[in-house]
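# Observations on chain architecture
The chain contents come next:
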Amino acid sequence: MKVCHLTSVHKSTDVRIFYKECCSLSKAGYKVYLISPNVIDEILENVSIVGIKTYNNRLLRMTKTVWNVYKKAKIIDAKIYHIHDPELLVIGLLLKARGKVVIYDSHEDLPRQILDKPWINPLLRRLISKLTEYVENFISRRYNAIVAATPTIKNRFVRINPNTVNINNYPIINVNNSMFPWNERKNEICYIGGIFKKRGIVELVEALEYLPDNIKLNLAGNFSPTELKGELIKKKGWNKVIELGFVGREKINEILAYSKIGIVTLHPTESYLDSLPVKMFEYMSAGIPVIASDFLLWKSLIEENNLGICVDPLDPKAIAEAILYLFKNEKSMEQMGINGRKAVQEKYNWNNEENKLLKLYKSLE
């Protein structure tokens with residue numbers, strides 16, 4: 001059976017869309033297509049990648065690119081279409097009108113995210129958020145199914161569309177098959193992912209000021225905006241940063257293999273409080289403890305299972321104290337890493353989520 005995943009924003013090798021969902025469906029016997037921006041047509045991991053032209057201008061992307069996606073989707077003529085971006089919701093209705101089965105994959109709680117968007121006038125954010133939620137709900141109600149990336153997102157959509165399934169973005173457990181020997185790891189911590197102020201990078205660099213010189217931070221990702229790097233370089237803690245830039249999966253695995261702590265101290269914004277960042281579980285999968293924000297959801301996961309320490313993400317000194325505590329209690333730090341890895345292998349992994357995805361598709365055939 002032909003199934004087609006659609007995105008006008010994400011890369012064709014996006015981990016959730018391609019390596020998890022598309023590859024899982026392909027292995028299960030579906031003929032899988034993925035429409036994605038600015039790539040050549042090719043077959044990768046038995047998935048047919050179909051490229052479309054996109055634009056840097058947001059308005060053009062949300063009009064011309066979206067229309068290009070729809071034209072390609074019609075040509076493919078699949079039975080099931082799986083939409084990954086809110087800006088594609090309208091073409092989902094057009095595909096429904098053609099008798100197709102349509103799924104909406106909600107990666108984030110968009111209305112809550114809008115409240116934190118710096119490029120939207122603060123006076124208009126709440127109004128735009130409410131309008132966005134109304135439109136998203138109106139269209140999602142008419143789809144065959146909703147896939148929610150977190151339990152919180154599921155709780156929102158299940159009231160609109162009863163056929164809503166929570167498929168978490170947990171790691172693929174075969175990415176890190178072996179755990180690097182603890183005594184061969186370095187006195188280094190790591191942060192991997194997009195580098196934004198609201199993801200706690202300023203407080204993390206400031207926390208480095210309170211740490212001894214032999215503890216370094218492996219920083220992997222792109223700065224947004226790019227000017228943020230210039231602001232951080234001026235801080236005293238920057239001389240303890242090993243800046244790696246944007247790196248691929250192989251390099252990420254290498255960083256995780258020799259680091260001792262993973263940092264995920266996101267700010268307490270509405271869109272983060274109930275999120276489940278994939279980097280948190282990747283740290284756990286690599287066998288390293290996590291220092292995370294003290295959100296209620298995260299505390300119940302991390303501290304109750306002895307996987308790391310939760311701190312006030314806005315307090316650089318508290319972040320530094322947590323790092324120092326772990327380095328002074330090496331055995332506890334190692335045990336937290338072992339606990340985290342065991343939790344991922346048994347529960348927080350893609351294998352379990354894959355079963356839910358395949359069950360949903362089977363019900364829609």
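Just above sits the structure.
Summary of the structure given here. Bear in mind that the values here come from a model prediction, so they are computed numbers and not experimental data. (Residues numbered from 1 in each chain as written. Predicted model: local features only at pLDDT ≥ 70, side-chain atom pairs only at ≥ 80, totals over all residues. Heavy atoms only, no water.)

## Description of the overall build of the protein
Rules: Counting from the N terminus, the helices are the DSSP runs of H or I reaching at least four residues and the strands are the DSSP runs of E reaching at least two. For a compact globule the rule gives 2.2 Å times the number of residues to the power 0.38, and the radius of gyration it is set against comes from C-alpha atoms. When a residue's accessible area, from a 1.4 Å probe over protein chains only, is under 20% of the maximum for its type it is buried; when over 50% it is exposed; and in between it is partly exposed. When checking whether two residues touch, look at their non-hydrogen atoms; a contact exists if any pair is within 4.5 Å. Values of accessible area rely on a 1.4 Å probe in the Shrake-Rupley scheme; residue burial ignores everything except the protein chains shown.
What the protein contains, in helices and strands, is 14 helices and 14 strands. Relative to a compact globule of 365 residues, whose C-alpha radius of gyration would be 21 Å, the protein shows 21 Å and is just as compact. Dimensions of the protein, computed from C-alpha atoms along their principal axes, come out at roughly 65 × 45 × 40 Å. Out of the 365 residues in the protein, the part that is buried amounts to 54%. Considering only intrachain contacts with a sequence separation of at least 6, the fraction spanning at least 24 residues in the protein is 67%. As presented, the protein carries roughly 16800 Å² of accessible surface, and 52% of it is formed by carbon and sulfur atoms.

## Some details on the side chain of E136
Which entries qualify depends on this criterion: For the purposes of these results, a polar contact is taken to be a pair of N or O atoms within 3.5 Å, where, inside protein, one atom must be able to donate a hydrogen and its partner to accept one; residues adjacent in sequence count only when each atom of the pair is a side-chain atom.
As for its placement among the helices and strands, E136 is situated in helix α5 (residues 122-140). There is a polar contact of 2.7 Å between the side chain of E136 and the side chain of R156.

## A closer look at the sheet that holds strand β10 (residues 216-220)
The test is simple: By this definition, two strands are paired if DSSP reports at least two bridges between them. Axes here mean lines fitted to C-alpha atoms, for a helix over just the part in contact, with angles spanning 0 to 180 degrees between N-to-C directions.
The strand order across the open sheet built from six strands is β11-β10-β9-β12-β13-β14, with neighbouring strands paired in parallel fashion. The open sheet has two edge strands, β11 (241-245) and β14 (308-311), and neither has a second partner. Taking each pair of neighbouring strands and ignoring which way they run, the sheet shows an average axis angle of 20°. Note that strand β9 (residues 188-192) and β10 share five bridges and pair parallel. Within the sheet, the bridge partner assigned to C190 lies in β10 and is N218. Strand contacts of helix α9 (residues 249-258): β9, β10 and β11, with the helix running at about 150° to β9, the strand carrying the most contacts.

## Focus on the environment of N38
Checked against the element boundaries, N38 lands in the loop between β2 (31-37) and β3 (42-44). Since its relative accessible area comes to 55%, N38 is described here as exposed. Aside from chain neighbours lying at most four places away, what touches N38 is I52, K53 and T54. Among the polar contacts listed, one links the side chain of N38 to the backbone nitrogen of T54, at a separation of 3.3 Å.

## Points about the pairing of β11
We count it as follows: By the criterion used throughout, a crossover qualifies as right-handed when its path from the first strand across the helix to the second strand runs clockwise, the strands pointing away from the viewer.
Here four bridges tie β10 to β11, and the two strands are oriented parallel to one another. Looking at the pairing, A220 lines up with G245 of β11. Handedness of the crossover is the feature at issue here: the chain leaves β10, passes through helix α8 (residues 227-233), returns alongside β11, and the resulting connection is right-handed.

## Points about the sheet that holds strand β1 (residues 2-6)
Read across the sheet, eight strands follow the order β3-β4-β2-β1-β5-β6-β7-β8 without closing on themselves; strand pairing throughout is mixed. Edge positions in the open sheet fall to β3 and β8 (164-166), since each of these has one partner strand only. Here the average twist between neighbouring strands, direction ignored, is 25°. The pairing of strand β6 (residues 101-106) with strand β7 (residues 145-148) spans four bridges and is parallel. Paired with D105 across the two strands is V147, which belongs to β7.

## A word on the packing of helix α2 (residues 58-76) against helix α3 (residues 89-97)
Selection criterion: For this classification, under 35 degrees means roughly parallel, over 145 means roughly antiparallel, 65 to 115 means roughly perpendicular, and everything else is oblique. When the near helix sits turned anticlockwise from the far one by under a right angle, the crossing is termed left-handed; a clockwise turn instead gives a right-handed crossing. Classification used: nonpolar for Ala, Val, Leu, Ile, Met, Phe, Trp, Tyr, Cys and Pro, charged for Asp, Glu, Lys and Arg, polar for all others including Gly.
Two elements in contact, α2 and α3, have axes whose closest approach is 10 Å; the angle formed by their N-to-C orientations is 25°. Compared by their axis directions, α2 and α3 come out roughly parallel. As for the relative orientation of α2 and α3, their crossing is right-handed in sense. Residues V66, W67, V69, Y70 and A73 of α2 form the contact with α3, whose participating residues are I91, L94 and L95. A breakdown of the residues in the contact of α2 with α3 according to their chemical character gives eight nonpolar, no polar and no charged.

## Some thoughts on the packing of aromatic side chains
Stated precisely, the cut-off is as follows: Paired rings are identified among Phe, Tyr and Trp, the last through its six-membered ring, by centres lying within 6.5 Å, and are further divided according to the angle between planes into stacked (under 30 degrees), edge-to-face (over 60) and tilted (the rest).
Here the structure, examined in full by the defined rule, presents ten aromatic pairs. Where F18 meets Y19, the ring centres are 4.9 Å apart and the plane angle is 85°; that geometry is what we call edge-to-face. On the accessibility criterion, Y19 (39% relative accessible area) is partly exposed. Here the aromatic rings of Y134 and F138 are separated by 6.4 Å at their centres, their planes lie at 25°, and the arrangement is stacked. With Y134 and F138 both in helix α5 and four residues apart, the pair spans about one turn of that helix.

## Observations concerning helix α13 (residues 330-346)
Because each turn of an α-helix spans 3.6 residues, side chains separated by three or four positions end up pointing in the same direction. We apply this condition: For a helix, the expected span equals 1.5 Å multiplied by the residue count minus one. Note that the arc is computed from the directions linking the helix axis to the C-beta atoms.
With 17 residues, α13 should cover 24 Å at 1.5 Å per step; its first-to-last C-alpha distance of 25 Å lies within 8% of that length. Inspection of α13 places M333, M336, G337, G340, R341, A343 and V344 among the buried residues, and these make up the whole buried set. Along the axis of α13, the buried residues cluster in a sector spanning 160°; they form a single face. Exposed and oriented more than 90 degrees from the buried face of α13 are K331 and E346. Elements in contact with the buried residues of α13: β12 (261-264), α10 (278-285), β14 and α12 (316-328).

## Some words on the layout of surface pockets
Our working definition: Two kinds of site are reported from a 1 Å grid over the protein atoms alone, namely cavities, where a 1.4 Å probe fits but cannot get out, and pockets, open sets with protein on both sides within 12 Å along at least five of seven lines, and residues are called lining when an atom falls within 4 Å of a point. Grid points are joined across faces, edges and corners, and a volume is the space filled by probe spheres set on the points.
Of the voids in this model, the second largest pocket is the one considered here, and its volume is about 170 Å³. Forming the boundary of the second largest pocket are S8, V9, P37, N38, T54, Y55, N56 and R61. Its residues placed into classes, the lining of the second largest pocket shows three nonpolar, four polar and one charged.

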